[in-house]
Structures are given as structure tokens and as C-alpha cells.
Amino acid sequence: LSAGWFESDPYEEERELRVEASGIETLVVEAGAGSLRVRGVEGLKAIELLATVQVQEGEEEAKETIREHLVLSLKRSGSSAKLVSRFAGERSVNGGIKLEVRVPSGTGLDIDDGSGSIRVHAVPQDLVVLDDGSGSLRVTHIGGDGVRRE
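To keep things clear, this report deals only with the structure shown in the data block.

Analysis parameters
Just so you know, the residues in each chain are numbered from 1, in the order the chain's sequence is written. Local features are withheld for residues below a pLDDT of 70 in this predicted model, meaning they are given only at 70 or higher, and side-chain atom pairs are given and counted only at 80 or more; totals for whole chains, interfaces and linings count all residues. The side-chain values count all of the structure's non-hydrogen atoms but skip hydrogen atoms and water molecules. Three exposure classes are used, based on accessible area relative to the maximum for each residue type with a 1.4 Å probe and protein chains only: buried under 20%, partly exposed in between, and exposed over 50%. Numbered from the N terminus, helices here are DSSP runs of H or I no shorter than four residues, and strands are runs of E no shorter than two. The arc in question is the one traced by the directions running from the helix axis out to the C-beta atoms. Residue contacts are counted whenever heavy atoms from the two residues lie within 4.5 Å of one another. Working definition of a nonpolar core: buried Ala, Val, Leu, Ile, Met, Phe, Trp, Tyr and Cys residues. They are joined through side-chain atoms within 4.5 Å. For this document, the term salt bridge refers to a Lys or Arg side-chain nitrogen within 4 Å of an Asp or Glu carboxyl oxygen.

### With respect to helix α1 (residues 59–69)
Turning to α1, its buried residues are Ala-62, Thr-65, Ile-66 and His-69. Angularly, the buried residues of α1 cover 95 degrees about the axis, an arc narrow enough to put them on a single face. Exposed residues lying more than 90 degrees from the buried face of α1 are Glu-60, Arg-67 and Glu-68. For α1, the secondary structure elements touched by its buried residues are β1 (11–20), β4 (46–55), β5 (70–77) and β6 (80–87).

### Quick word on the nonpolar core
Counting residues in hydrophobic clusters, the biggest one holds 30 residues, and the most contacted among them are Leu-27, Leu-36, Ile-47, Leu-83, Leu-99 and Val-101. A per-element tally of this core places β4 first, with five residues. Residue contacts for Leu-83: discarding those within four places in its chain leaves Leu-27, Val-28, Val-29, Glu-30, Leu-49, Leu-72, Ser-73, Leu-74, Leu-99 and Val-101.

### Some points on the pattern of salt bridges
This structure, assessed with the given rule, holds seven salt bridges. The partner of Glu-59 in a salt bridge is Lys-63, and the shortest N-O contact between them spans 3.1 Å. Remark: Lys-63 and Glu-59 occur in helix α1; sequence separation between them is four residues, near one turn of the helix. A salt bridge links Lys-98 to Glu-100; the shortest N-O distance between them is 3.6 Å. When its relative accessible area of 35% is taken as the criterion, Lys-98 is described as partly exposed. Take Glu-100: its relative accessible area is 34%, and that puts it in the partly exposed class. Residues joined by salt bridges that share partners form a network here, namely Arg-18, Glu-20, Glu-48 and Arg-102.

Right, here's the structure in full:
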């Protein structure tokens, strides 16, 4: 990290996405740098995402970086939903995306995480984690066959 990382707070923007969960069995997550928290909620009828995008640049530069490089989507495809979160492009971005996801209890998870911490709570189905980066993994109240790391 550059010395500038510590000189000021990062610029932040929040984004909210939602997809109806009827018929969705699994949420597939492809996340780049940042943290991921997933919580199962009894009776919830949708998959809900609150993303906090942080970029360590001045406000105008950060807004341009987010506009040009942020990839953030939550889409349904058959019996699954896919969440994609990363910065794209040739230029390295000094920032990350904090993801807070609420899913209906009973939704399976398949997580491919770049770097950053992963926290999963109260998801009574299987959890598959392909953690090809760095960061911690904390899982509480998981059902099914538990956690499988690939």
C-alpha cells in the first residue's frame, strides 16, 4: 500500500442490489478484493446486497475509477443467482468492496473469493469456498454437509 493510504479516509459509495429468491437454490459469489459477509435470514423472500465501494483517491478521481472499473452485479440464472464484485481493467485500483449479503435460510453458497475476510452465518445448506486469495474464513451455524474448500 502506498503511504497515501494512511493519510486520509478512502472515498466510499454504497450500492444496493436485490433479486427475488423464489426458486433459487444456490448463490454463486465471485468476489475480488474486499470483505464478504453472508447471513441466512428465516422468511426472507429475496437475496439482498449492500456493497460499500472504497477507493483510496480524491473524490473526483475515485468517482471516475468506480464508474470506469467497478463490476458489480446480482443476477438470476435458473435455480441459482450470481453475485460478481470486482474492479476490472488494466489499471490497478487501490481499494476494495465490502459486501454484506442477506439470503433466505436454506440457500446454498458457492464462493470464489479473491482476497479479504469471509464471514458466513446461519446458512443451513452446503457451503463451497474456493478461496484463491488471502484472508480469514469464519463460519457459524452451517448445516448440510458443512464447508468444503476447493
